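This is what each chain is made of:
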Amino acid sequence: MKNNFSAVLFDLDGTLVDSLIDIADAMNRTLTHFGYPVFNYGAYKYFVGNGLRTLVYKCLPEDKKEDRYVNETLAVMMIEYGKSYSNKTVLYPGISGLLDELTSKGYKLAVLSNKADNLTQKIASILLRQWKFEIIMGATEQFPRKPSPDAALFIAEKLNVYPENIMYLGDTNADMQTANAAGMYAVGVTWGFRERKELEENGAREIIDHPKDLIPLL
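Residues numbered from 1 in each chain as written. Predicted model: local features only at pLDDT ≥ 70, side-chain atom pairs only at ≥ 80, totals over all residues. Heavy atoms only, no water.

As for helix H5 (residues 95-104)
Put simply, the rule reads: Relative accessible area decides the class of each residue, using a 1.4 Å probe on protein chains only: under 20% of the type maximum gives buried, over 50% gives exposed, and in between gives partly exposed. Labels follow the DSSP assignment, with helices taken as runs of H or I lasting at least four residues and strands as runs of E lasting at least two, numbered in each case from the N terminus. As used here, the arc belongs to the directions running from the helix axis to the C-beta atoms. The contact criterion used throughout is that any non-hydrogen atoms of two residues lie within 4.5 Å.
Those residues of H5 that fall on the buried side of the exposure criterion are Ile 95, Leu 98, Leu 99 and Leu 102. Burial along H5 is one-sided: seen end-on, the buried residues are contained in an arc of 95°. Where the residues of H5 are buried, they touch strand E1 (7-10), strand E3 (90-91), strand E4 (108-116) and helix H10 (214-217). Of the residues flanking the end of H5, it is Gly 106, one or two places downstream, whose phi is positive at about 85°.

What about empty space enclosed by the protein?
Gaps between atoms show up when a probe of the same size as a water molecule is rolled over them. We count it as follows: A cavity, in this analysis, means grid points on a 1 Å lattice covering only the protein atoms where a 1.4 Å probe fits yet has no way out; a pocket is instead an open set bounded by protein on both sides within 12 Å along at least five of seven lines, and a residue lines either one if it has an atom within 4 Å of a point. Grid points are joined across faces, edges and corners, and a volume is the space filled by probe spheres set on the points. Throughout, the ten residues Ala, Val, Leu, Ile, Met, Phe, Trp, Tyr, Cys and Pro are labelled nonpolar, Asp, Glu, Lys and Arg are labelled charged, and all others, Gly among them, are labelled polar.
Counting across every chain of the model gives 2 cavities of 30 Å³ or more. Quantified by volume, the largest cavity comes out at close to 180 Å³. Lining the largest cavity are 16 residues, with Asp 13, Gly 49, Asn 50, Gly 51 and Lys 115 positioned closest to its centre. The set of elements that each furnish at least two residues to the lining of the largest cavity consists of helix H3 (52-59) and E4. By residue class, the composition of the lining of the largest cavity is 5 nonpolar, 6 polar and 5 charged. By volume, the second largest cavity amounts to about 70 Å³.

Regarding the packing of H3 against helix H4 (residues 67-84)
Heads up, the rule is: Under this scheme, a helix contributes an axis fitted over its contacting stretch, all axes are lines through C-alpha atoms, and angles between N-to-C directions fall in the 0 to 180 degree range. An angle below 35 degrees is read as roughly parallel, one above 145 as roughly antiparallel, one from 65 to 115 as roughly perpendicular, and any other as oblique. Crossing handedness is read from the near helix: turned anticlockwise from the far helix by less than a right angle, it gives a left-handed crossing, and turned clockwise, a right-handed one.
Here H3 crosses H4 at 120°, and the two axes come no closer than 9 Å. With respect to each other, H3 and H4 are oriented oblique. In this structure, the crossing between H3 and H4 has a hand that is right-handed. Counting all contacts with H3, which are made through Leu 52, Arg 53, Leu 55, Val 56 and Tyr 57, the residues of H4 involved are Asp 67, Val 70, Asn 71, Thr 73, Leu 74, Met 77, Met 78 and Tyr 81.

And the structure:
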């Protein structure tokens, strides 16, 4: 395995940045606006990861999951989250040191998120601006969301790196499925939103508990 990798592709939320509180607060404000029940932060760990539309769907009451309710709730959620996407969102401990080391060793860096691309770019411009990322990509109409491998393969092509030479870091089942479908090396992280068991069951080749644990794998 050593010396085969020349690039690292990161998920964003739950991997590089801890955004759970900002997402949950915005969603709860939205739910309150419509008079729907709200959720605690722990519940949101299992709601996030597949884009805001899926988040909204999961949060709505069972009798409000029709498209018309999802659409109107999503519209308000986008406004609420747009006001506060960076209030409490921070890099996870150890990420700065990891990115410094990867940069110093010459690895190409990229981000692929299921978060809407405009929000992905805004958060990256605030929290990731001191490092060089070759590509930062959120959800667009160009590609289906993860776990589809299409966007990951597009990134590999743009990086001019074979998929098997890309290490993919993520915290959810969708990330592990994406990495494996794209032929990348799937590394699960336990500091994010999901449990070790989910990562294992969805094809993680390695699981790490701290960002510094990535370096020996490279």
